[in-house]
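Spelled out, the chains give:
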Amino acid sequence: MCDTNQGSHTHAHQHYCQQTIDPAAAEMLEKANREHIETTWDRFEQQKPQCGFGDLGICCRNCLQGPCRINPFGEPREGICGADADLIVARNLLRTTVGGAASHADHAYSAIHCLKAAAEGTAPYEIRGADKIGPVAAKLGISTEGKSTDELALEIANAALADFGNQTDEPMKWLTATASPALVETWGKLGVLPKNPDREIRTAMHQTSMGVDGSPINLLLSCVKLGLVDGYAGLQMGTDIQDILFGIPYPVKTEANLGVLSNDKVNIVVHGHMPEVSEKIVEWARKLEGEAIAAGAAGINIAGICCSGNEVLMRQGIPLAGNYLSQELAIITGAVELMVVDVQCFMPSITKVAACYHTKVVTTTPIGQLPDAEYLPFTPQNADEKAQEAVRMAIAAFAKRDAAKVQIPTHKSEAWGGFSLETIVQALAAVNAEDPLKPLIDNIVAGNVLGAVGFAGCNNVKVTQDQTTIEMVKDLLANNVLIVATGCTAHALAKYGFLSPEGAKKYAGEKLLGVLTAVGEAAGLGGPLPPVLHMGSCVDNSRIGDLLGALAGYLGVQIKDLPVAASAPELQHEKAVSIGTWVVALGVLTHVGVVPPVLGSPLVSQVLTSDIEGLTGGKFLVETDPHAAAQGILDHINAKRKALGI
Ligand code: NFS
Ligand code: SF4
């Protein structure tokens, strides 16, 4: 690593078009090559060819007699215990779903603790989303009469904790309070209503252990259950609590791509997922700006990677530096003083890349440590202290920045974020104050908006960074499909101008542009709404669920009847699998652009891409070609329109 005598990197004239379509990323890959710095793409090459058994999902290590592998073309057909391909694939898929659901439930759990401490006055967080308390209290059946904001926040935090402590056979309160009665009934009949998220995670680990469940179908139903754990104990609970704590997002303009890093300011990059950490870093970076100036910098610049970036974009207007595959590249600019991480999606490699520069990496949670990073254990109580420490570390590092190693790509695009359901309704209310959803519905009925698709999920080194996402969204917008986006796909779309009013003029079909312009102008934006509405982080996929629920409720139909779909074009994380499972449970066609490890079981593949539709109304669409995927989604939207008689 960063040893100039090491001659192992020889792609001097490579153009990196296999790796990424992002010119800023390509420029940094070129710099990495020049400086002999290994990136995730180099490590991907070293992994090739990846194991075919793993790829198909037919290897099992669930007991110490293994590993066992199934031969898809012959013998052996069973593992040592007799588990066949269907069983092994289904078991593995459930463990993946558990991994995702556990990540999101643990994320929500941290937010609950932070809200509780804030409400009790033991942690330095101000409750900024008092306007979210009413709706959340109402759905949970909590009376607000005569209670203070703090009292209500505490009661809501305790209601969330009660779901985690539920020892009865009643389903999770957060789920029944949020989902429509018809969905609750459907899930009840399937026997997949989760009770206590921690218990479901435990039970699923047990169910998949050696010598327990031998029924692939039963295991797949548990996947749906864990998808619901993710949806309601992770996404919905996380978003509701975070909105109460940090405020409901409202539209905000910012910029995206590595060009947001500053040449003359202290650059701090927040990376990971938990706004408890990133919000405090932003707060203290603003408060300590004078110290940075005293140290010779022009100020402090904060930028975000992955979902931490989305969180502070939505509520603080902080620019996005890049998505998952750009995390090492941000450090390779040589201009980052500090990268603060908390949990999820940060590569263990970042400290090695950072060691080639003056960059400090700070870890903040007991479960997310890196051996060569500085560990600042954040708690709700000490967050002010730890954030100051981190920001001062960045200021101190600024003096060590080596100008000879700095190269910041100039690429950046204007991007709007912060489109919560509340904001979308508010924008629509400018057109029709009495009945805000009516203009959207009328335009859907008239065909000016053909349908809507939610884009979510990651980058994955197996596919060219951002390409599938961008190509699909271009096709769909040209066909007047409204797009909402979260997570790393939202970053991708931000980088190429899809989150800006200009993007509407460039990419939206004529009819869609007319609607975006009418709403944007009525809402006082002086131009069209962006054609892609940034709804937040991956946890904020609950906002897409809220939007779908509102549309279905308005029309008096089920979500499964709507002309909508979802897509995770470049998924990598287990969380993307559990989110996708929740979305399928809602009744939505869900496209994935990377083939999940299930093809080793014809049965599991058949259930996920077809049979499950008969149970929930949703199913997975697996398609790696962006244009074919967009066409599949358009066909689906048109079929749903026809069934609705519009
Ligand atoms: Ni979602 Fe966010 Fe990005 Fe994927 Fe990772 S940051 S929670 S998992 S990689 S979108
Ligand atoms: Fe092999 Fe069965 Fe053990 Fe899996 S659980 S490793 S298939 S013996």
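Data block above holds the structure.
Anyway, here's the lowdown on the structure attached to this text. Quick caveat: nothing in here was measured; it's all calculated off a predicted structure. (Residues numbered from 1 in each chain as written. Chains lettered and ligands numbered in written order. Predicted model: local features only at pLDDT ≥ 70, side-chain atom pairs only at ≥ 80, totals over all residues. Heavy atoms only, no water.)

### Quick look at the overall build of the protein chain
Here is step 1 of the chain: Along its length, the protein chain carries 27 helices and 16 strands.
Here is step 2 of the chain: In terms of C-alpha radius of gyration, the protein chain reaches 24 Å, essentially the compact-globule figure of 26 Å for 646 residues.
Here is step 3 of the chain: Expressed as a percentage of its 646 residues, the buried residues of the protein chain come to 61%.
Here is step 4 of the chain: Within the protein chain, counting contacts between residues at least 6 apart in sequence, those at least 24 apart form 76% of the total.
Here is step 5 of the chain: With an accessible surface of roughly 23,600 Å², the protein chain has 53% of that area assigned to carbon and sulfur atoms.
Here is step 6 of the chain: Side-chain charges of the protein chain comprise 48 positive and 69 negative groups, with the mean position of each set lying 1 Å from the other. (Helix = DSSP H or I, 4+ residues; strand = E, 2+ residues; numbered from the N terminus. Rg over C-alpha atoms; globule rule 2.2 N^0.38 Å. Buried < 20%, exposed > 50% of the residue type's maximum accessible area, 1.4 Å probe, protein only. Contact = heavy atoms within 4.5 Å. Areas by Shrake-Rupley, 256 points an atom, 1.4 Å probe, with all protein chains shown as cover. Lys, Arg positive; Asp, Glu negative; His and termini not counted. Charge placed at Lys NZ, Arg CZ, Asp CG, Glu CD.)

### So, the nonpolar core
Here is step 1 of the chain: Counting 178 residues, the largest nonpolar core has Ile156, Trp174, Trp187, Ile268 and Ile281 as its most contacted members.
Here is step 2 of the chain: Ranked by residues supplied to this core, first place goes to helix H4 (residues 85-120) with 18 residues.
Here is step 3 of the chain: Counting 43 residues, the second largest nonpolar core, distinct from the first, contains Val269, Met347, Ile350 and Val406. (Core = buried A, V, L, I, M, F, W, Y, C linked by side-chain atoms within 4.5 Å.)

### Focus: the site of ligand 1
Here is step 1 of the chain: His273, Cys345, Cys458, Cys488 and Cys538 are the nearest of the 13 residues found near ligand 1.
Here is step 2 of the chain: Contributing elements (two or more residues each) for the shell around ligand 1: helix H13 (306-316) and helix H20 (487-495).
Here is step 3 of the chain: Residues that form the shell around ligand 1 fall into these classes: seven nonpolar, five polar and one charged. (Near = heavy atom within 4 Å. Nonpolar A, V, L, I, M, F, W, Y, C, P; charged D, E, K, R; others polar.)

### Re the sheet that holds strand E16 (residues 619-622)
Here is step 1 of the chain: Ordered by their spatial adjacency, six strands build an open sheet running E13-E12-E11-E14-E15-E16, and the pairing between neighbours is parallel. Sheet topology places strand E13 (532-536) and E16 at the edges, where each strand pairs with a single neighbour. Shown here is a sheet whose adjacent strand axes are inclined to one another by a mean of 25°, direction ignored.
Here is step 2 of the chain: In terms of strand pairing, strand E12 (residues 481-486) meets E13 through four bridges, oriented parallel. What sits directly across from Ile483, in E13, is Val532. (Pairing = 2+ DSSP bridges. Axes fitted to C-alpha atoms, helices over the stretch in contact; angles between N-to-C directions.)

### Digging into H13
In an α-helix, one turn spans 3.6 residues, which is why side chains three or four residues apart end up on the same side.
Here is step 1 of the chain: In terms of residue burial, H13 counts as a mostly covered element, since 10 of its 11 residues are buried.
Here is step 2 of the chain: Burial in H13 covers these residues: Cys306, Cys307, Ser308, Gly309, Asn310, Glu311, Val312, Leu313, Met314 and Arg315.
Here is step 3 of the chain: Backbone geometry just after H13 places Gly317 at a positive phi near 70°.

### Points about the coordination of the nickel atom of ligand 1
Around a metal, the perfect tetrahedron of four donors has angles of 109.5 degrees, and the perfect octahedron of six donors has angles of 90 or 180 degrees.
Here is step 1 of the chain: Donation to the nickel atom of ligand 1 from the protein comes from one atom only, Cys538 (SG), at 2.2 Å.
Here is step 2 of the chain: Seen from the nickel atom of ligand 1, its four donor atoms lie at angles of 91 to 161°, and the figure they make is irregular.
Here is step 3 of the chain: In this structure, Cys538 sits in the loop between E13 and helix H23 (541-555). (Donors = N, O, S within 2.8 Å, 3.2 Å for Na, K, Ca; no water. Tetrahedral: all angles 85-135°; square planar, octahedral: opposite > 155°, others 65-115°.)

### Here we look at the pattern of salt bridges
Here is step 1 of the chain: For the structure on display, the rule yields 32 salt bridges.
Here is step 2 of the chain: Taking the shortest distance from any N to any O, the salt bridge between Lys280 and Asp384 comes out at 3.0 Å. In this pair, Lys280 sits in helix H11 (residues 275-287) while Asp384 sits in helix H16 (residues 383-398), placing the two residues 104 residues apart along the sequence.
Here is step 3 of the chain: On the basis of relative accessible area, Lys280 is assigned to the buried category, the value being 3%. (Salt bridge = Lys/Arg side-chain N within 4 Å of Asp/Glu carboxyl O.)

### Here's the deal with the environment of Gly296
Here is step 1 of the chain: Looking at the secondary structure, you find Gly296 in the loop between helix H12 (289-294) and strand E5 (300-305).
Here is step 2 of the chain: Residue Gly296 is classed as exposed on the basis of its relative accessible area of 58%.

### Some details on the site of ligand 2
Here is step 1 of the chain: Close contacts around ligand 2 come from Cys60, Asn62, Cys63, Gln65, Gly66, Cys68, Gly79, Ile80, Cys81, Arg91 and Met210, and that covers them all.
Here is step 2 of the chain: Looking at the shell around ligand 2 residue by residue, the classes come out as six nonpolar, four polar and one charged.

### Comments concerning the side chain of Lys132
Here is step 1 of the chain: Assignment of secondary structure puts Lys132 in helix H5 (residues 130-140).
Here is step 2 of the chain: Discounting residues that sit within four places of it in the chain, Lys132 has contacts with Asp240, Asp243, Ile244, Ile248, Glu422 and Arg543.

### Quick word on the pairing of strand E14 (residues 564-568)
Here is step 1 of the chain: Extensive coverage of E14 is indicated by the burial of five of its five residues.
Here is step 2 of the chain: Of the two faces of E14, both are covered, the one formed by Val564, Ala566 and Ala568 as well as the one formed by Ala565 and Ser567.
Here is step 3 of the chain: Examined bridge by bridge, strand E11 (residues 451-455) and E14 share four bridges and lie parallel to one another. When the sheet's bridge partners are listed, Gly454 is paired in E14 with Ala566.
Here is step 4 of the chain: Bridge count for E14 against strand E15 (residues 589-592) is four bridges, and the pairing is parallel. Looking across to E15, one finds that Ala566 is bridged to Thr590.

### Topic: the pairing of strand E8 (residues 360-363)
Here is step 1 of the chain: For strand E7 (residues 338-341) and E8, the ladder comprises four bridges, and the chain directions are parallel. Across the sheet, Val341 pairs through a bridge with Thr363, a residue of E8.

### What to know about a nonpolar patch on the surface
Here is step 1 of the chain: On the surface, a nonpolar cluster with roughly 200 Å² of combined accessible area is contributed by Val445, Leu644 and Ile646.
Here is step 2 of the chain: With respect to the element layout, Leu644 can be found in helix H27 (residues 626-644).
Here is step 3 of the chain: Judged by its relative accessible area of 32%, Leu644 is partly exposed. (Patch = residues over 30% accessible without salt bridge, like charges linked within 9 Å, V, L, I, M, F, W, Y side chains within 5 Å.)

### Observations concerning the packing of aromatic side chains
Here is step 1 of the chain: Enumeration according to the criterion identifies five aromatic pairs in this entry.
Here is step 2 of the chain: Ring centres 6.1 Å apart and planes at 75° place the aromatic pair Tyr125 and Phe246 in the edge-to-face group. With Tyr125 in the loop between H4 and H5 and Phe246 in helix H10 (residues 216-246), the pair connects residues that are 121 residues apart, well separated along the chain.
Here is step 3 of the chain: Using a relative accessible area of 8% as the deciding quantity, one classes Tyr125 as buried.
Here is step 4 of the chain: With a centroid separation of 5.9 Å and an interplanar angle of 55°, the aromatic rings of Trp187 and Tyr232 are classed as tilted. Residue Trp187 is found in helix H8 (residues 181-190), and its partner Tyr232 is found in helix H10; the two are separated by 45 residues along the sequence.
Here is step 5 of the chain: The buried category is assigned to Tyr232, whose relative accessible area is 2%.
Here is step 6 of the chain: An aromatic cluster is present here, built from Trp187, Tyr232 and Trp582 joined pairwise through their rings.
Here is step 7 of the chain: Seen from the ring of Trp284, Lys287 lies directly overhead, with NZ or CZ sitting 4.4 Å from the centre. (Phe/Tyr/Trp six-rings, centres within 6.5 Å; stacked < 30°, edge-to-face > 60°. Lys NZ or Arg CZ within 6 Å of the ring centre and 35° of its normal.)

### Examining the environment of His534
Here is step 1 of the chain: By secondary structure assignment, the location of His534 is in strand E13.
Here is step 2 of the chain: Counting along the chain gives 47 residues from His534 to Gly487, while the straight-line C-alpha distance between them is 8.9 Å.
Here is step 3 of the chain: Those residues in contact with His534 that lie beyond four places of it in its chain are Asn310, Leu313, Met314, Trp416, Gly417, Gly418, Phe419, Ala485, Ala490 and Leu499.
Here is step 4 of the chain: Of the polar contacts made by the side chain of His534, one reaches the side chain of Asn310; its length is 2.9 Å. (Polar contact = N/O pair within 3.5 Å; in protein donor to acceptor, adjacent residues only side chain to side chain.)

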